[in-house]
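The lines below spell out each chain.
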Amino acid sequence: LQEIVIIGHSAGGQFVNRYAAGNSVDRAGKVSMRYVVANPSSYLYFDSGRVIGNKYVVYKENPFIKTNLFELTCPSYNDYKYGLEDRNSYMKKTTSSRLKRQYESRKVSYLLGEDDIDFFDADLDKGCAAEIQGLNRKMRGENYFNYLKEKLSNNKHKKIIVEDVGHSGRLMFNSPEGIQAIFK
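None of these values were measured; they are calculated from a predicted model.

A. Fine view of the overall build of the protein. In terms of regular secondary structure, the protein is built from 7 helices and 8 strands. The C-alpha radius of gyration of the protein comes to 16 Å, within 12% of the 16 Å expected for a compact globule of 184 residues. Each of the three principal axes of the protein carries a C-alpha extent, and together these read 50 × 40 × 25 Å. Residue burial in the protein is summarised as follows: out of 184 residues, 51% are buried. By sequence separation, contacts in the protein at least 24 residues apart represent 70% of the contacts at least 6 residues apart. Here the protein displays about 9600 Å² of accessible surface, and carbon together with sulfur accounts for 52% of that area. Counting 28 positive and 22 negative side-chain charges, the protein places the averaged centre of each group 9 Å from the other.

B. Local environment of the nonpolar core. Judged by nonpolar contacts, the single largest core of 26 residues is most densely connected at Tyr-35, Phe-46, Tyr-103, Tyr-110, Tyr-144 and Tyr-147. Where this core is concerned, the elements lending two or more residues are helix H1 (11-22), strand S2 (32-38), helix H3 (96-105), strand S7 (107-113) and helix H5 (137-151). Among the nonpolar cores identified, the runner-up in size contains 9 residues, and Ala-38, Val-162, Ala-181 and Ile-182 belong to it.

C. Local environment of the state of the cysteines. Going through the model one piece at a time under the given rule, you end up with 1 disulfide. There is a disulfide in this structure between Cys-74 and Cys-128, and the S-S distance comes to 2.1 Å. A torsion of 80° about the S-S bond marks the disulfide between Cys-74 and Cys-128 as right-handed. Here Cys-74 is found in the loop between strand S6 (71-73) and helix H2 (89-92), whereas its partner Cys-128 is found in helix H4 (residues 128-131), with 54 residues between them in sequence. For Cys-74, a relative accessible area of 0% gives the class buried.

D. Main features of H5. In this model H5 runs 21 Å from its N-terminal to its C-terminal C-alpha over 15 residues, within 8% of the 21 Å that 1.5 Å per residue would give. With 11 of 15 residues buried, H5 lies mostly within the body of the structure. You can read the cap of H5 off the contacts: a side-chain oxygen lies 3.2 Å from the backbone nitrogen of Lys-138, and it is on Asn-136.

E. Summary view of the sheet that holds S2. Ordered by their spatial adjacency, 4 strands build an open sheet running S1-S2-S7-S8, and the pairing between neighbours is parallel. Looking at strand neighbours, the two that pair on one side only are strand S1 (3-9) and strand S8 (158-162), the edges of this open sheet. Going across the sheet, the axis of each strand differs from the next one's by a mean of 20°, ignoring polarity. In this structure, S2 lies alongside S7, joined through 5 bridges in parallel fashion.

F. Quick look at the packing of H1 against H3. Between H1 and H3, the least distance of the axes is 7 Å, while the angle of their chain directions is 110°. Considered as vectors, H1 and H3 are oriented roughly perpendicular to each other. Only Leu-99, Gln-102 and Tyr-103 of H3 make contact with H1, whose side of the interface consists of Asn-17, Ala-20, Ala-21 and Gly-22. A per-class count over the contact of H1 with H3 returns 4 nonpolar, 3 polar and no charged.

G. Structural view of the environment of Phe-173. Counting through the fold element by element, Phe-173 comes out in helix H6 (residues 169-174). Note: C-alpha distance between Phe-173 and Tyr-82 (91 residues apart in sequence) is 25 Å. Discounting chain neighbours no more than four positions away, the residues touching Phe-173 are Ile-7, Gly-8, His-9, Val-36, Ala-38, Leu-111, Gly-178, Ile-179 and Ile-182.

What counts as what
- Residues numbered from 1 in each chain as written.
- Predicted model: local features only at pLDDT ≥ 70, side-chain atom pairs only at ≥ 80, totals over all residues.
- Heavy atoms only, no water.
- Helix = DSSP H or I, 4+ residues; strand = E, 2+ residues; numbered from the N terminus.
- Rg over C-alpha atoms; globule rule 2.2 N^0.38 Å.
- Buried < 20%, exposed > 50% of the residue type's maximum accessible area, 1.4 Å probe, protein only.
- Contact = heavy atoms within 4.5 Å.
- Areas by Shrake-Rupley, 256 points an atom, 1.4 Å probe, with all protein chains shown as cover.
- Lys, Arg positive; Asp, Glu negative; His and termini not counted.
- Charge placed at Lys NZ, Arg CZ, Asp CG, Glu CD.
- Core = buried A, V, L, I, M, F, W, Y, C linked by side-chain atoms within 4.5 Å.
- Disulfide = S-S within 2.5 Å.
- Expected span 1.5 Å × (residues − 1).
- Polar contact = N/O pair within 3.5 Å; in protein donor to acceptor, adjacent residues only side chain to side chain.
- Pairing = 2+ DSSP bridges.
- Axes fitted to C-alpha atoms, helices over the stretch in contact; angles between N-to-C directions.
- Parallel < 35°, antiparallel > 145°, perpendicular 65-115°, else oblique.
- Nonpolar A, V, L, I, M, F, W, Y, C, P; charged D, E, K, R; others polar.

Okay, here's the thing in structure tokens:
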């Protein structure tokens, strides 16, 4: 065995994002590990800030979301699975700073479908903590990658846009970009 590649699309992509941060298997170093995160509905952030557009914003209090339809506060926006507060028992085994360092050092590729932009997709997380990350999966992925450049600047993560593909695991992983990310 020379390499382990852990891949996931949609909810599987959410799992891979969190597993890449929290697992201790990768530290063993005997077998190289890589992670491919494809079109997740949300991401794990390592501090209380978020990227909105191209700007990093730190929330000192609960974020306030205002749209044309509603206004609300989002007190749990930084709870686990979106942030590092109130983590589950598995993620509590590692300190916040170590989770951040581990994730920064891991080999992670993000596959984002160019057309995965449907805010009304029934499977898209529409909770306030997810919506702070962006209005759709592609925007959330772009914002997260910008966040990583800002806050985990030593990472060697890759963002790959898969043209003409929406929210389809089959099309993502069978695309030339998907095949390259998995089998490189």
